[in-house]
Amino acid sequence: MDIERLRKAFRDVFQTEPVLVKSPGRINIIGEHTDYNEGFVMPAAINKAIYVAVSKREDDEIHLYSESYQASYQSSVAAIEISDLGWANYVLGVADQIVKRGYKIAGFNLYLDGNVPLGAGLSSSAALECATAFAIDYLNDLQISQMDLALISQKAEHVFAGVNCGIMDQFASVFGKKDHAVLLDCRSMEYEYIPLKLDGYKFVLLNTNVKHSLADSAYNKRRLQCEQGVAWIKMHHPEVNSLRDADLKILKDYVEPKDTEVYQKCKFVVEEIARIQQAAAALKQGNLVALGELMLATHEGLSKEYEVSCKELDFLVNYVKNLDYVLGARMMGGGFGGCTINIVKDEEIDSLIATVSTLYSKEFGLTLDTYIVETANGSELIA
Ligand code: ADP
Ligand code: MG
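Along every chain, residues carry numbers that run from 1 in the direction the sequence is written. Chains and ligands are labelled by the order in which they are written, letters from A for the one and numbers from 1 for the other. Local features in a predicted model are, by the rule used here, given only for residues with pLDDT of at least 70; side-chain atom pairs are given and counted only at 80 or more, and totals for whole chains, interfaces and linings are based on all residues.

**Focus on helix H3 (residues 124–139)**
The secondary structure listing takes helices from DSSP runs of H or I that are at least 4 residues long and strands from runs of E that are at least 2 residues long, numbered from the N terminus. Helix span is expected to be 1.5 Å times the residue number reduced by one. In this model H3 runs 22 Å from its N-terminal to its C-terminal C-alpha over 16 residues, within 8% of the 22 Å that 1.5 Å per residue would give. Burial is judged by counting other C-beta atoms within 10 Å of a residue's own C-beta: 20 or more means buried, 12 or fewer means exposed, and anything between counts as partly exposed, with every C-beta placed from the backbone. Counting buried residues in H3 gives 15 out of 16 residues, a clear majority hidden from the surface. After H3 finishes, the residue aspartate 141 shows a positive phi value of roughly 50°.

**A few points about the UniProt feature "domain: Galactokinase N-terminal" (unreviewed entry) in the chain**
Mapped onto this numbering, the UniProt entry annotates "domain: Galactokinase N-terminal" (unreviewed entry) at residues 8–56. Across residues 8–56, the secondary structure splits into 14% helix and 53% strand, with the terminal C-alpha atoms separated by 17 Å. UniProt positions are given in the numbering used here, feature names are shortened, and annotations may be inferred rather than shown by experiment.

**Quick look at the nonpolar core**
In terms of nonpolar packing, the biggest core is built from 120 residues, with Met42, Val52, Cys266 and Ala279 touching the most fellow members. Sorting elements by how many residues they give to this core places helix H8 (residues 260–284) first, with 12 residues. Boundaries of every domain are those given by an automatic assignment or by a domain database. Two domains each put at least three residues into this core: domain 1 (3–196 + 377–382) and domain 2 (201–373). Any two residues are considered in contact once their C-beta atoms, placed from the backbone, lie within 7 Å. Not counting residues up to four positions away in its chain, the partners in contact with methionine 42 are Asn28, Ile29, Ile30, Gly31, Ala181, Val182, Leu183, Ile194, Ile276, Ala279 and Ala280. The term nonpolar core refers to a group of buried residues, namely Ala, Val, Leu, Ile, Met, Phe, Trp, Tyr and Cys, whose C-beta atoms join them within 7 Å.

**A few points about helix H5 (residues 168–175)**
Burial analysis of H5 places eight of its eight residues in the buried class, the great majority of the element. Considered for burial, the residues of H5 that qualify are Met168, Asp169, Gln170, Phe171, Ala172, Ser173, Val174 and Phe175.

**Focus on the packing of H8 against helix H9 (residues 288–305)**
Between two packed helices, both the angle of their axes relative to each other and the distance between the axes serve to describe the pair. As a rule, the C-alpha atoms of each element are fitted with a line to give its axis, helices using only the stretch in contact, and angles between N-to-C directions run from 0 to 180 degrees. Interhelical geometry of H8 versus H9 gives an angle of 170° and a closest axis separation of 9 Å. Judged by the angle between their axes, H8 and H9 are roughly antiparallel. Between H8 and H9, the contacting residues are Gln264, Lys267, Phe268, Glu271, Glu272, Arg275, Gln278, Ala279, Ala282 and Leu283 on the first element and Ala290, Leu291, Leu294, Ala297, Thr298, Gly301 and Glu305 on the second. Along the lines of polarity and charge, the residues of the contact of H8 with H9 split into eight nonpolar, four polar and five charged. By definition in this entry, angles of less than 35 degrees are roughly parallel, angles greater than 145 are roughly antiparallel, angles of 65 to 115 are roughly perpendicular, and the rest are oblique. Note that Gly is not counted as nonpolar here; it falls among the polar residues with everything else outside the nonpolar set of Ala, Val, Leu, Ile, Met, Phe, Trp, Tyr, Cys and Pro and the charged set of Asp, Glu, Lys and Arg.

Quick look at the structure:
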């Protein structure tokens, strides 16, 4: 991103000097469908980010401009409401949450640009929310804690975008750290930085460019199946409050006899929570081979047991999984589309991308988008 160009673009539109905030998108190394079971996730912020240039206004008006959409939007602090412009909603939703928490804020100008691919599952929406939250906090000297800025951003996504997301995306965008993943306990919100250096390898994301309509209904069904499993366990073990507290023996004893499908779904979650711990241990030892194997096991589970993959994702993982220069691969995100995440040896990346893109187009008649990403720091003010 050309920071000086952004600064100048802001000045051209708003005739004043801006402050800049940068908030990254994220990848999730391992840990899918574990957040709502009070388990762990292990995201990392990436070197693709949303940038907002902002200045405080003398009045109470909100003036927004999006470079990507070449569009502007105006409102005021006193009359924030959900707009028809999707991109403006993420900004307005955050302002709304901050006001709702009782903070007094001035009007502001905001110019928005970024290079997180939209809708690819790298959380451009969370990055935009977090950038806005940091900006409003700074402009008004509110001194809101970073954790609260993440929570405010999450709530904005619930209320103004209508997406009932967990905390992972906003958390990663705020707390990410270069050369690290963040192991987040979704129950206690405690977190630990795990060293993540891919010497000689990189994360390569392959974007299927599909989003199957099954996603929402399947997500809701899985959540209910997990809750059902816990309810059956609870009849015998009242201390079990979520699948986080369960183990395979308990599932075999109290869930499998009731319903084999619910058992299969719960088993995936319990195993996935264990895999995250194993992945953190592997990374602490610098063992990328072990990490890669765990990622493949996660994909296998998501595809065959939890049943949230799709033929496009499976095709991509199946193609790379036996290549000796790809250490690990799996679908990333809730499922039914989005990207796969792969750990690929540097020298082989270009030829892999060329080959797999051709094969993917031939198989599905779709374009494969590809991104090579590195870990990065979380949200920050740029002087
Ligand atoms: P994801 O978060 O996976 O990228 P979402 O659908 O949740 O996908 O969020 C994408 C939306 O976020 C876009 O449709 C747009 O409204 C907003 N957005 C993201 N990046 C930008 C950007 N650079 N400029 C304007 N709006 C953006
Ligand atoms: Mg999003």
